[in-house]
Amino acid sequence: DLDDDWRAFFEQIHERVSLDALAALLEGPEAFAAYAKERNDMPDLLLDGINEIASDTIGDLVADADGIYEDYLPEIKKHLIKE
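What counts, and at which threshold
Residues numbered from 1 in each chain as written. Predicted model: local features only at pLDDT ≥ 70, side-chain atom pairs only at ≥ 80, totals over all residues. Heavy atoms only, no water. Core = buried A, V, L, I, M, F, W, Y, C linked by side-chain atoms within 4.5 Å. Buried < 20%, exposed > 50% of the residue type's maximum accessible area, 1.4 Å probe, protein only. Helix = DSSP H or I, 4+ residues; strand = E, 2+ residues; numbered from the N terminus. Contact = heavy atoms within 4.5 Å. Axes fitted to C-alpha atoms, helices over the stretch in contact; angles between N-to-C directions. Parallel < 35°, antiparallel > 145°, perpendicular 65-115°, else oblique. Nonpolar A, V, L, I, M, F, W, Y, C, P; charged D, E, K, R; others polar.

Asker: Give me the nonpolar core: which residues, what numbers.
Answerer: Counting 24 residues, the largest nonpolar core has Trp-6, Phe-9, Leu-22, Phe-32, Ile-50, Val-62 and Ile-76 as the members making the most contacts within it. Elements with a contribution of two residues or more to this core: α1 (4-17), α2 (19-27), α3 (29-38) and α4 (43-57). Those residues in contact with Val-62 that sit more than four places away from it in its chain are Trp-6, Phe-9, Ile-50, Asn-51, Ala-54, Gly-67, Ile-68, Tyr-69, Tyr-72 and Ile-76.

Laid out in structure tokens, this is it:
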């Protein structure tokens, strides 16, 4: 269901950051911060990694410290939340 750009985004997130980081970000800033702490990472660096991949693949940033941008929630939820 995903176009090639989104498919590349999720493949690179999986390889370079982690789909778990994106899932935590989907849950909100507190969950993302807890995930980063658990991994002994800085939330800002993880977010930068996610946005770098997004910029390279879909041509835009997908999130900030408050969470995933509303415009990109459908694509991200579609991939991460299996009904």
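Asker: For the packing of α1 against α2, give the residues involved together with the corresponding values.
Answerer: Where α1 meets α2, the axes come as close as 7 Å, and the angle between the chain directions of the two elements is 110°. With respect to α2, the element α1 is oriented roughly perpendicular. Contacts from Phe-9, Phe-10, Ile-13, His-14 and Val-17 in α1 reach Leu-19, Ala-21 and Leu-22 in α2. Its residues assigned to classes, the contact of α1 with α2 comprises 7 nonpolar, 1 polar and no charged.

Asker: Describe in detail the environment of Gly-28, supporting the description with residues and values.
Answerer: Residue placement: Gly-28 occurs in the loop between α2 and α3. Residues Gly-28 and Ser-55, spaced 27 residues apart in sequence, show a C-alpha to C-alpha distance of 21 Å.

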